[in-house]
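Remarks on the overall topology
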Amino acid sequence: MGSAVITARAAATFDPVARSVATARAFVRDTLQGWGYTDVVDDAVVLTSELVTNAVVHAGTAADVLCLRTEDGVRVEIADHYPEREIPLQPAGLNFGNSESENGRGLLLCAALASRWGVEYSPTRKHVWFQLDLPDRPVGVRSAGPLLPVGLLPVTDERVRVAVVQIDSEGAVAAWNDDAAYLFGHTADQVIGKQLTDFTAWPQTPGTSTGIADALRLSRWEGSYGIRGADGRTIPVYGSHLRVRDTQGEPSTVCLLVRDYERAVLQTPVRAPASDTSESRKTDPFEVFIGSPAPDDLDGLLQRTVERARDMLDADAAFLLLATDDETELEVRATTGLPSARQRFARVPVEAGTGRYGSARMPAVHEDLDAVPGAVPLLGNTGMRSVVTVPLKVEGRLTGSLGVAAEAAGRYSNEEALRLQFAADRIALAVESARLGELERLRRGSLSFLVEASDLLAGTLDRDQTLALMAQMTVPTLATWCAVYTIADQASDPELSYVLHEDEERIDGLKALLTKISPPEPVPTPGARVWSAPSQAAHEAALRTSMRSIGMGDAGGLGSGTRTTLATAAAVGGETVVLPLVARNRVIGMLTLGKPSDDHFRQEILELAEDLSRRAALALDNARLYSERTAISQSLQRSLLPPGLPAVPNVEVDVIYRAAGEGNEVGGDFYDVFPIRDGAYGFAIGDVCGTGPEAAAVTGLARHALRLLAREGFGGPAVLERLNAAILDEGTRSRFLTLLYGELWPQEDGSALLKVVCAGHPLPLRLRQDGSVEPAAEPQPLLGVMEDLELYEQEFTLEPGDVLLCVTDGVTERREGTRMLGDDGLADVLSHCTGLTAGAVAARILRAVERFAADPPSDDMAILTMRVPEPHPAP
């Protein structure tokens, strides 16, 4: 960083896994925001994302991220541990990478966004670094205004109320005076301790302007925003913020707020150019019109421009429109004396015709708009009669239009048009420069927003979570409220699936309103289209509610239902747009975005929302496909399990089954207990080589074959020999199978006779009443290996109180490092189970297996227990 003094540093190391990219982005974002470097956060996040991806994904090593702060900017270093990677040399005249290539994109972005960047090598690692300089901020000044006649003084209410609000270092309200309670309807007790952001409507879009949290950290800030009143309406205010600290050094911010039309009470006067008798000193015409210092943001510059234009021609209103990139439309960006909230960001075409802005490219004077209705669409129904408009041009290109208007007819002539055109020529270049700067910040902010949105959407395959993410990413960044409709299939109607509003108290009312109206048509045409149904329905409901309240003579104030209806109408009263969610050439839903009363969407926001909707649609469809396939898989797997355990007379039977692998309900282990004929029951527990769907297929073959052969009257050895032949007939799909099969005959004396064949399976263990444990069978060859098997069955009797435990090797082979539970460990656990029921024995075995190691089991497990209960003594 040259000779710059490093004032702070922060470092972190991220593992070579894909999720580290998002973690690194969050680390850099939090670090820079904590330092107050919000101007360069988006660029730093985008560059960090690309360079960390190169390290952890492409180079496959850990990434070391170091942030260094100076007074002028920040330097970020990303190092990987693969020094052999080199930057490919290219002949002179060739571009270093391109936006479509995966290689070199991080360095290409460094070259485009960073003030300086470079690559450094060491014997053990490679460093890629970039530096971002902070933009220069003009220093504020104090000045006094000229002496004005009384008739030219600003108009205010009879009593000017100044709300004094103090915000602590955490952003919470610490003080709230009586004027604040009067203006906004909230008492001090209701707001103290709550975040100021809970009550503000801040005019910020991604990548542009200053956020409220940033404004509260600045030493001084002045401008317009909104405060949500107790009745749900947003009250435009003009604020002056001052950052102070108390005697203990604790910082806080004092906010002075007045109604926006009374801004003159707080607004800092513009310093007039200092008089200089020197003929060699030239006055800048731009500063003469705008004043010095000029606002350093586009919105401030445009607002200052319309106010000066209005004052210069003694008008009642003024407005300024900026041209879109293709210069076919003009967008309302600043007004004074007009309902700005209703007109802001509205668009009108440039070319002449019905409803067109025909006077945009040349100066024009309209002596009476009543004689030419529609000549200036912006002024419709505003009471303005005469208007003069002039174009803003840079190098012959139309960049905007500036106009002033008066309520009286015939106020303006060509002389006023020339004066206004002269002023427009002085400011056109500055306005265009500020506009291009805003577009660049918006582009960078949009890129950062989409990078994080894609990362979040790719991180889940759950449908409900995907719907929630879609809504949370749009509110409040892109819209005030959002609703997501989904379409199950082409024959289904759209269904309202998720609703979100930036004010949680408005969600229920909004959801109730949307359920009463027909959903938007699922049109696959890309882009946003206006949907007027919610606004109309809300206004009609509010009108009916108000008339009903008047008819009832409600003099005591509005009821809660009436207030909810009116608040909902205000919440959805602005522009509402619908964007189709199209995935794999099918409309799978609609994303609906809305604004509050008299508010409109900027075209840049709609384009960003359209880009987001394409990503969200694919993520939602992937979640749907995953859910469908998971449901099918689980349904098929459940069909391989026995429907239930039969009730065996005088014998307790219980089973615990655990399949390894996420989403698997059945694996290579299986069990079955089924009636063979009167008084005889078959039971089996087996283990197919491997886990997952392939092993489950052999599981189904074995279980169904055992039932069929046993009910045909075959004994244990014959059943297993025929099953062995069936497995070998599968050819390359066959798998080894260990199986314990037995037949159970409950006896009249309370005991149970068992005949078992243990084909390569862990031996069954018999627990007697005295606590002794012994194997109940001998090992024999497993199935699926040899064609000719000679198996035999072994017979024994379970006496009252005895337990037979049958498990698969997922139990006995449970490991912790070099330790293994084994047959001896299992026998030891079983020896302490005397007197327990069959279900309690199975549960204790499972608990012992889970506690034997910290890691979750990696193999399927089946535990089958049978117990002959002791007879109850006669009463």
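Report follows, based on the coordinates. Bear in mind the structure is a predicted one, so any value in this text is a computation, not a measurement.

Thoughts on the overall build of the chain
If you tally the helices and strands in the chain, you get 20 helices and 34 strands. Taken over 875 residues, the chain has a buried fraction of 46%. Contacts in the chain between residues at least 24 apart in sequence constitute 62% of all its contacts with a sequence separation of at least 6. Element-wise, carbon and sulfur atoms account for 50% of the exposed surface of the chain, whose accessible area totals about 43300 Å².

Re the packing of aromatic side chains
The tally for this structure, following the rule as stated, stands at four aromatic pairs. Measuring from ring centre to ring centre gives 5.9 Å for Tyr657 and Tyr671, while their planes differ by 50°; the resulting arrangement is tilted. One end of the pair, Tyr657, is in strand E23 (residues 652-658); the other, Tyr671, is in strand E24 (residues 669-677), with 14 residues separating them in the sequence. As far as burial versus exposure is concerned, Tyr657 and Tyr671 are alike and both buried. Between Arg75 and the ring centre of Trp129, over which it is positioned, the NZ or CZ distance is 4.1 Å. The residue whose ring lies beneath Arg819 is Phe852, and the NZ or CZ to ring-centre distance is 4.3 Å.

Considering the environment of Thr812
Position of Thr812 among the secondary structure elements: in helix H18 (residues 809-812). Taking the C-alpha atoms as reference, Thr812 lies 4.5 Å from Gly822; in sequence the two are ten residues apart. In this view, Thr812 contacts Val807, Met820, Leu821, Gly822, Asp823 and Leu826; residues no more than four positions away in its chain are not counted.

Re the sheet that holds strand E9 (residues 220-228)
If you trace the six strands from one edge of the open sheet to the other, you get E7-E6-E11-E10-E9-E8, paired in antiparallel fashion. Strands at the two margins of the open sheet, each flanked by one partner only, are strand E7 (173-176) and strand E8 (200-201).

Some remarks on the sheet that holds strand E22 (residues 586-594)
Read from one edge to the other, the open sheet built from five strands follows the order E19-E18-E22-E21-E20, with strand pairing classed as antiparallel. Of all the strands in the sheet, just strand E19 (495-501) and strand E20 (529-530) have a single pairing partner and so form its edges. Relative to E22, strand E18 (residues 481-486) runs antiparallel, the two sharing six bridges. Its bridge partner lying in E22, Tyr485 is registered against Met590. Packed on one face of the sheet, helix H11 (residues 463-474) meets E18, E19, strand E21 (576-583) and E22 and runs near 40° to E19.

Here we look at the packing of helix H10 (residues 414-458) against H11
Working note: a packed helix pair is described by the angle between its axes plus the distance between those axes. Taken N-terminus to C-terminus, the directions of H10 and H11 make an angle of 165°; their axes are 10 Å apart at the nearest point. Classified by the angle between their axes, H10 and H11 sit roughly antiparallel to one another. Handedness of the crossing formed by H10 with H11: right-handed. Of the residues in H11, those in contact with Phe449, Ala453, Leu456 and Leu457 of H10 are Thr466, Leu469, Met470 and Met473. Looking at the contact of H10 with H11 residue by residue, the class counts come to seven nonpolar, one polar and no charged.

Observations concerning the nonpolar core
Met470, Leu514, Leu581 and Leu593 are the most contacted members of the largest nonpolar core, which totals 52 residues. Leu514 has contacts with Trp481, Ala483, Tyr485, Leu496, Val499 and Pro534, leaving out every residue within four places of it along the chain. Core analysis: the next-biggest nonpolar cluster, separate from the first, contains 35 residues, Val28, Leu47, Val74 and Val128 among them.

Some points on the side chain of Gln794
Along the polypeptide, Gln794 turns up in strand E30 (residues 794-798). The buried category is assigned to Gln794, whose relative accessible area is 16%. Within the local environment of Gln794, its side chain forms a polar contact with the backbone nitrogen of Glu778, the two atoms lying 2.7 Å apart. If we ignore the near neighbours within four places in the chain, the residues touching Gln794 are Leu754, Lys755, Val756, Ala777, Glu778 and Gln780.

Considering a negative patch on the surface
Together, Glu721, Asp729, Glu787, Asp788 and Glu790 line one region of the surface with negative charge. By secondary structure assignment, the location of Glu721 is in helix H17 (residues 716-728). Of the residues examined, Glu721 reaches a relative accessible area of 30% and is grouped as partly exposed.

Focus on the packing of helix H1 (residues 20-34) against H10
Where H1 meets H10, the closest approach of the two axes is 11 Å, and the angle between their N-to-C directions is 140°. Put simply, H1 runs oblique to H10. Crossing handedness for the pair H1 and H10: left-handed. Residues Ala22, Arg25 and Arg29 of H1 form the contact with H10, whose participating residues are Ser448, Val451, Glu452 and Asp455. Residue composition of the contact of H1 with H10, grouped by class: two nonpolar, one polar and four charged.

Some details on the pattern of salt bridges
In this structure the tally under the stated criterion is 33 salt bridges. In this structure, Asp43 engages Arg444 in a salt bridge whose closest nitrogen and oxygen atoms are separated by 2.2 Å. Placement of the pair is Asp43 in helix H2 (residues 41-58) and Arg444 in helix H10, with a sequence separation of 401 residues. Given a relative accessible area of 8%, Asp43 falls into the buried group. Notably, a salt bridge pairs Glu870 with Arg867, separated by 3.9 Å at the nearest N-O pair. For Glu870, a relative accessible area of 39% translates into the label partly exposed.

A word on a nonpolar patch on the surface
Taken together, the side chains of Phe736, Val785 and Met786 present a nonpolar region at the surface, about 270 Å² in accessible area. Within the secondary structure, Val785 is located in the loop between strand E29 (773-775) and E30.

Observations regarding the side chain of Thr808
As for its position among the elements, Thr808 is in the loop between strand E31 (803-807) and H18. Residue contacts for Thr808: discarding those within four places in its chain leaves Asp669, Ile685, Gly686, His761, Pro762, Asp860, Met861 and Ala862.

Comments concerning unusual backbone geometry
Put simply, Val475 and Pro476 share a cis peptide bond, and its omega is 0°. Among the structural elements, Pro476 can be located in the loop between H11 and E18. You will see that Asn585, though not glycine, has its phi angle at about 60°, which is positive. Its location among the elements puts Asn585 in the loop between E21 and E22. Even without glycine at this site, Asn650 takes up a positive phi of about 60°. Topologically, Asn650 is positioned in the loop between helix H15 (603-639) and E23. By relative accessible area, which is 47% here, Asn650 ends up partly exposed.

What counts and how
Residues numbered from 1 in each chain as written. Predicted model: local features only at pLDDT ≥ 70, side-chain atom pairs only at ≥ 80, totals over all residues. Heavy atoms only, no water. Helix = DSSP H or I, 4+ residues; strand = E, 2+ residues; numbered from the N terminus. Buried < 20%, exposed > 50% of the residue type's maximum accessible area, 1.4 Å probe, protein only. Contact = heavy atoms within 4.5 Å. Areas by Shrake-Rupley, 256 points an atom, 1.4 Å probe, with all protein chains shown as cover. Phe/Tyr/Trp six-rings, centres within 6.5 Å; stacked < 30°, edge-to-face > 60°. Lys NZ or Arg CZ within 6 Å of the ring centre and 35° of its normal. Pairing = 2+ DSSP bridges. Axes fitted to C-alpha atoms, helices over the stretch in contact; angles between N-to-C directions. Parallel < 35°, antiparallel > 145°, perpendicular 65-115°, else oblique. Left-handed = near helix turned anticlockwise from the far one by under 90°. Nonpolar A, V, L, I, M, F, W, Y, C, P; charged D, E, K, R; others polar. Core = buried A, V, L, I, M, F, W, Y, C linked by side-chain atoms within 4.5 Å. Polar contact = N/O pair within 3.5 Å; in protein donor to acceptor, adjacent residues only side chain to side chain. Patch = residues over 30% accessible without salt bridge, like charges linked within 9 Å, V, L, I, M, F, W, Y side chains within 5 Å. Salt bridge = Lys/Arg side-chain N within 4 Å of Asp/Glu carboxyl O. Lys, Arg positive; Asp, Glu negative; His and termini not counted. Charge placed at Lys NZ, Arg CZ, Asp CG, Glu CD.

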